[in-house]
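# Fold and geometry: a report
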Amino acid sequence: MTQVWLWLGCISMTVGSIFFGFGADRAKGKSWQIVYCLNFFICAIAASLYLAMIFKQGFTYIGDRPAYLTRYLTWTFSTPLTLILLSYLGRTSIVIAASMIGADVYMIVTGFVATISSKPISNVWYIVSCGAYAGLVYLLLKYYRQQAEQHYPRSKKTFKRLLTVHIAIWTAYPIVWILASTGFNVIGSVAESACYTILDVAAKVGFGFLALNSLQQLEQAEDVTQYQQERALT
Amino acid sequence: MTQVWLWLGCISMTVGSIFFGFGADRAKGKSWQIVYCLNFFICAIAASLYLAMIFKQGFTYIGDRPAYLTRYLTWTFSTPLTLILLSYLGRTSIVIAASMIGADVYMIVTGFVATISSKPISNVWYIVSCGAYAGLVYLLLKYYRQQAEQHYPRSKKTFKRLLTVHIAIWTAYPIVWILASTGFNVIGSVAESACYTILDVAAKVGFGFLALNSLQQLEQAEDVTQYQQERALT
Amino acid sequence: MTQVWLWLGCISMTVGSIFFGFGADRAKGKSWQIVYCLNFFICAIAASLYLAMIFKQGFTYIGDRPAYLTRYLTWTFSTPLTLILLSYLGRTSIVIAASMIGADVYMIVTGFVATISSKPISNVWYIVSCGAYAGLVYLLLKYYRQQAEQHYPRSKKTFKRLLTVHIAIWTAYPIVWILASTGFNVIGSVAESACYTILDVAAKVGFGFLALNSLQQLEQAEDVTQYQQERALT
């Protein structure tokens, strides 16, 4: 059954990356090219992850539970791209964008250490990782929102939706982690795979479409005039 | 015999990095400093790779064939520098340069997985890796060329030569891979080392000189006036 | 006793990262935000390193001596941030800043290989690593100083102090390495831990305060007028 979910993940990510890849190649205007391109790489990286998991590569046994190390390696590359995508849409300052990526990588690396540690040490690392995630959410809700609304005063709703979806999906990951064999062992190995696959498809393919839709809204809100002028200067 | 080729590689890369390093220190003008500097790091990284291989470090046995893992680690750093070099010469837009580097790293990481996988799984990863390379070639021939010719309308020949040499050398790598023990096992271990050494010296030291020569041609073609003006603004 | 030093390191880095983190959140002006933010991540990364070492994670035995591999992994991330901090204060050109980071990462990766190699191969890598460090010092004393003094002609003393402290601390690391079991085995395992902890706290928390103080001096020297004007353009 786990294999079925992994195949579903691999197919979804491959289809997503083909769609976004063609979009990038045919994009009209630089903004569309950048958003399509980021979505393409996010899905393409995830497609490789699922292919590796289908082949049972890149995982090890910690005690008697399987730990997919490859997940963390690919997340280290794909999640910063998602934050770059958000930062591009909201025109976040470099120091805030870099800090978000820093908190994100910190979260993934310590989450990886939590996964390969035995209990109770794994719990300490889990808390550290959640602390990094709390920092990331703080940056998103305070600085990211503030800067996005400053640049696009007419598009508050667009960013509210974008942030709500983003934080809802990302918050589900540590919940699955703590419920699965990595934590309290409440849900089984198949359910864990199913949850991660659904979350991954939502966070990568689904969020990719939301990002495209958001860009369209930003342009339609006629913030675009100011937007394009300033882009032209950079 | 393999050791002889590894020593030749190490010496060539060391001599190359010393030459380019001195060039960077004495460069007149920012453009020359950047091109020398990139060449220096490309050769210096490769010199370390060959030193590690001489010491028989960073490789493992997959079945009965030796797999040099260090090659892939150093390529992950040195090949993006080559693409940055190309992008600097052609003044490629950030999104295309980043996409080329993304495709390149994707190619190397999946090529690495192909190398450490046993057959027939290794063949699947090989195809994925070649797919990434095809994407990179597409970006080079379509977007890179287009943008370079737009910025330097009088230097089409320079970029044609640069791209031809670059693609010819890089295409030889997957051919060696599939002919060696990693693929069909048609050529032996010594021939494999010899091929990789010759290709590495061509792709790093040789291509470095070609890049310097191309920069000179670009400046001589008097595209330089427009070039320097725009550089000054950035 | 080693554990005591590791705990001292962990607590110092945690306190440091809390202090700098609050500073970043309350910073007045972009320059202060950037300097606080870089200090925060430098200390936060080191705090994780010490936590891992307390838990006896991420190290292996080379012969009969323990080698903390995690040190090198975290240094790969934290030391480039220190060089970015220096480059930001001195407004170093991108090619010099990138070259310093390149030399730094080269030094750490080859130092890591030296640590996991057995003698006498480890000595060869140690010399290569010291060579990269010599290159970094050369870049700092020639290009970094020159560019910093050009941008802040009235603040030569500030940069002299910054460079002296920076180079003095960093030069102590290879000395500890060669005296400890990784080299001549003159000092014991506890003394090695003590030295690295003291150096780490000096290089991260201590240097962080020095960086803040330097920024204040730069602003007070009224170089700030020219400084802010040019910043505003970027």
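The rules behind the values
- Residues numbered from 1 in each chain as written.
- Chains lettered and ligands numbered in written order.
- Predicted model: local features only at pLDDT ≥ 70, side-chain atom pairs only at ≥ 80, totals over all residues.
- Heavy atoms only, no water.
- UniProt positions renumbered as here; feature names shortened; annotations may be inferred.
- Helix = DSSP H or I, 4+ residues; strand = E, 2+ residues; numbered from the N terminus.
- Buried < 20%, exposed > 50% of the residue type's maximum accessible area, 1.4 Å probe, protein only.
- Areas by Shrake-Rupley, 256 points an atom, 1.4 Å probe, with all protein chains shown as cover.
- Axes fitted to C-alpha atoms, helices over the stretch in contact; angles between N-to-C directions.
- Parallel < 35°, antiparallel > 145°, perpendicular 65-115°, else oblique.
- Contact = heavy atoms within 4.5 Å.
- Nonpolar A, V, L, I, M, F, W, Y, C, P; charged D, E, K, R; others polar.
- Least-squares fit on C-alpha atoms with pLDDT ≥ 70 in both.
- Phe/Tyr/Trp six-rings, centres within 6.5 Å; stacked < 30°, edge-to-face > 60°.
- Core = buried A, V, L, I, M, F, W, Y, C linked by side-chain atoms within 4.5 Å.
- Expected span 1.5 Å × (residues − 1).
- Salt bridge = Lys/Arg side-chain N within 4 Å of Asp/Glu carboxyl O.
- Buried area = accessible area lost by both parts, 1.4 Å probe.
- Polar contact = N/O pair within 3.5 Å; in protein donor to acceptor, adjacent residues only side chain to side chain.
- Patch = residues over 30% accessible without salt bridge, like charges linked within 9 Å, V, L, I, M, F, W, Y side chains within 5 Å.
- Lys, Arg positive; Asp, Glu negative; His and termini not counted.

As recorded in an unreviewed UniProt entry, chain A goes by the name Bacteriorhodopsin, listed as coming from Stenomitos frigidus AS-A4. The heading Sequence similarities (unreviewed entry) in the UniProt record of chain A holds the text "Belongs to the archaeal/bacterial/fungal opsin family." Looking at chain A in UniProt, the text filed under Subcellular location (unreviewed entry) is "Membrane".

On to the overall build of chain A, then. For chain A, the helix and strand inventory stands at 7 helices and 2 strands. The order of helices and strands in chain A, counted from the N terminus, is α-α-β-β-α-α-α-α-α. Projected onto the principal axes, the alpha-carbon positions of chain A cover approximately 60 × 35 × 25 Å. Counting only residues that meet the buried cut, chain A has 54% of its 234 residues in that class. If you sum the accessible surface of chain A, you get close to 10,300 Å²; carbon and sulfur atoms cover 68% of it.

The next subject is the UniProt feature "transmembrane region" (unreviewed entry) in chain A. Residue and element names in this part refer to chain A. Taking the UniProt record as the reference, the feature "transmembrane region" (unreviewed entry) is found at residues 6-22, 34-52, 72-89, 96-117, 123-141 and 162-180. Here residues 6-22 runs as 100% helix and 0% strand, with 24 Å between its end C-alpha atoms. For residues 96-117, the helix share is 95%, the strand share is 0%, and the end-to-end C-alpha distance is 31 Å.

What follows is about the packing of helix α4 (residues 94-116) of chain A against helix α2 (residues 30-54) of chain C. It is at 11 Å that the axes of α4(A) and α2(C) come closest, and there the two elements cross at 5 degrees. Judged by the angle between their axes, α4(A) and α2(C) are roughly parallel. Touching V95(A), I96(A), S99(A), G102(A), A103(A), Y106(A) and T110(A) of α4(A) are Q33(C), I34(C), C37(C), F41(C), A44(C), I45(C) and S48(C), all from α2(C). Residue composition of the contact of α4(A) with α2(C), by class: 9 nonpolar, 5 polar and no charged.

For the match of chain C to chain A, the screw axis carries a shift of 0.0 Å, the RMSD comes to 0.0 Å, and the turn is 120 degrees. What we have between these two chains is a three-fold relation.

Residues and elements named next belong to chain C. All told, the structure shown has 48 aromatic pairs over all chains when counted by the stated rule. Between Y144 and F159, the ring centres sit 6.2 Å apart and the planes meet at 75 degrees, which makes this aromatic pair edge-to-face. Pair noted here: Y144 is in helix α5 (residues 121-151) and F159 is in helix α6 (residues 156-179), with a separation of 15 residues, a long-range link. Like F159, Y144 is buried.

In terms of nonpolar packing, the biggest core is built from 224 residues, with Y144(A), L89(B), Y144(B), L89(C) and Y144(C) touching the most fellow members. In this structure L89(C) touches V35(C), Y144(C), Y152(C), F159(C), L162(C), A211(C), S214(C), L215(C) and L218(C), once residues within four positions along its chain are discounted.

For helix α1 (residues 2-26) of chain B, which comprises 25 residues, the first-to-last C-alpha distance of 36 Å matches the rise-based estimate of 36 Å (1.5 Å per residue) to within 8%. Every buried residue of α1(B) is listed here: T2(B), L6(B), G9(B), C10(B), M13(B), G16(B), S17(B), F20(B), G23(B) and A24(B).

What follows is about the pattern of salt bridges. The tally for this structure, following the rule as stated, stands at 3 salt bridges over all chains. With its nearest N and O atoms 3.1 Å apart, the salt bridge here joins K142(B) to D25(A). Here D25(A) lies in helix α1 (residues 2-26) and K142(B) lies in helix α5 (residues 121-151), a pairing that spans two chains.

With 13 residues of chain C at the contact, the number on the chain A side is 16 residues. Taking both sides of the interface into account, the surface hidden between chain C and chain A amounts to around 1,200 Å²; carbon and sulfur atoms contribute 65%. Interface area lost by chain C to chain A is led by D25(C), F41(C) and F55(C), which between them contribute 39%. The interface formed by chain C and chain A contains 1 salt bridge. At the junction of chain C and chain A, the tally comes to 7 residue pairs in polar contact (both at pLDDT 80 or more). Of all the secondary-structure elements, those providing two or more residues to the side of chain C that touches chain A are α1 (2-26) and α2 of chain C.

Attention shifts here to a nonpolar patch on the surface. Residues and elements named next belong to chain A. Taken together, M1, V4, L8 and V190 make up a surface patch of nonpolar side chains, about 360 Å² in accessible area. Relative to the assigned elements, M1 resides in the segment before α1. Residue classification places M1 among the exposed residues on the basis of a relative accessible area of 63%.

With that settled, consider the side chain of R71(B). All names here are of chain B. Relative to the helices and strands, R71 is located in helix α3 (residues 69-90). Within the buried set, R71 has no salt-bridge partner at all; the shortest N-O distance to an opposite charge, 4.1 Å, is to D200. Look past the residues within four positions of R71 in its chain and what remains in contact with it is L49, Y50, M53, S193, Y196 and D200.

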